[in-house]
Amino acid sequence: MTVRDADPTGLHRVLDDVVVLPQAAQRLDTRRELWPDEVRVRVQRLNLDAASYRQLERAHAGDGNAVRAAVLDIVRSRGKMQNPDTGSGGMLVGVVEEVGPASPLGLAVGDRVATLVSLTLTPLVIEDGLADWDGRGEQVPCEGYAILFGRSIAAVLPDDLPTALSLSVMDVCGAPALTARVVAGYADATVVVIGGGGKSGSLSLAAARAAGGRHLVGVVPHEAEAQRLRAAGLADEVVVADARDPVALREAVEKAGGPADVTVVCVDVPGCEGGAILATAEGGTVVFFSMATSFSAAALGAEGLAADVTMLVGNGYVPGHAAYALQLLREHDGVRALFESRLG
């Protein structure tokens, strides 16, 4: 292995016959030995993304043992955690074990880090058979190792927050940062967050307020979640609506003070594209943060509705996104309460 062999995007780890990026690869090279710009992390915990975990849970009828076996099979066969149905993965937390001499990530051996790149492009080896995981939650205790590339992203975990809480925040930290950027471009914006009671949704509501949002509406699927979001105090209006029903969603948002200048989609179920578009005013922006989104449905739906809206794909990365999300958690007791209730 030489400097010439390495590629900062991880192309040298792709085992496919055709040249593709690691995320599109069918299988990655998981050897322990590092190329000069790589970092090896001793894994302590995986955080499966919500869409991936929900699909596995449904596919195996809630059987935790079957879900665990499915995750192990994916990682063994692909050298990474990438759900073949959703295409998504998650992230991990661990301790830096070795740093290549040319690594640009600024990490040191012994640093406790959360990776801010997807497991779908991270070489991963599980060594304990996930023996301490019952298959019934997104956070997965794990023994093994993972490899970071020259263009990977990782954040050192803060000392003032529990590891599981930090991991939950960092898993969705791209959402609030991009929400703040978009909302700041409107004067006195009305902001609708679909899935406002969830992890990315609650942080997005807090970010929208901090960025100058005037009227915030949180959309949730049932009354129990509405009560939790009202108690958190993050939204001016909380409405219960099925985001898959475009007419019902539009009417609920209008009654709550819409349409929206900015609509943020943070739910992990498919079929919410049309409702998000209908709930957004002409000249507004829809930000899709859900891995369950069909982007062809969104594009064709907007065209079919003659909707003059800008649609953005939340790619999970904005400079400084991890620190910003953790700041929001520290500053908003309501956000922290929602996160802790989900961990509990």
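Structure report, in brief. (Residues numbered from 1 in each chain as written. Predicted model: local features only at pLDDT ≥ 70, side-chain atom pairs only at ≥ 80, totals over all residues. Heavy atoms only, no water.)

1. Description of unusual backbone geometry
Residues other than glycine predominantly adopt negative phi, and peptide bonds predominantly adopt the trans conformation. Of note, the bond from Gly258 into Pro259 is cis; its omega dihedral lies within 30 degrees of zero at 5°. Relative to the elements of secondary structure, Pro259 occurs in the loop between α7 (246-255) and β10 (260-265). At Leu130, a position not held by glycine, the phi torsion is positive, near 55°. The class of Leu130 is buried, set by a relative accessible area of 0%. Positioned with a positive phi, Ala306 is a non-glycine residue whose angle comes to about 50°. (Helix = DSSP H or I, 4+ residues; strand = E, 2+ residues; numbered from the N terminus. Buried < 20%, exposed > 50% of the residue type's maximum accessible area, 1.4 Å probe, protein only.)

2. As for the sheet that holds strand β11 (residues 280-288)
With respect to topology, six strands assemble into an open sheet ordered β9-β8-β7-β10-β11-β12, the strand pairing being parallel. Of all strands in the sheet, those bounded by a partner on one side alone are β9 (237-240) and β12 (310-313). Averaged over neighbouring strand pairs, the angle between their axes works out to 15° when direction is ignored. Alignment of strand β7 (residues 190-194) against strand β8 (residues 215-220), held across five bridges, turns out to be parallel. For Val191, the partnering residue across the bridge sits in β8 and is Leu216. (Pairing = 2+ DSSP bridges. Axes fitted to C-alpha atoms, helices over the stretch in contact; angles between N-to-C directions.)

3. Brief notes about the pattern of salt bridges
Counted under the stated rule, the structure contains 18 salt bridges. Notably, a salt bridge pairs Arg40 with Glu97, separated by 2.6 Å at the nearest N-O pair. Of the two residues, Arg40 sits in strand β1 (residues 39-48) while Glu97 sits in strand β2 (residues 90-99), which places them 57 residues apart along the sequence. Residues participating in the shared-partner salt-bridge network are Arg32, Arg40, Arg42, Glu97, Glu98 and Glu127. (Salt bridge = Lys/Arg side-chain N within 4 Å of Asp/Glu carboxyl O.)

None of this, on its own, says anything about what the molecule does.
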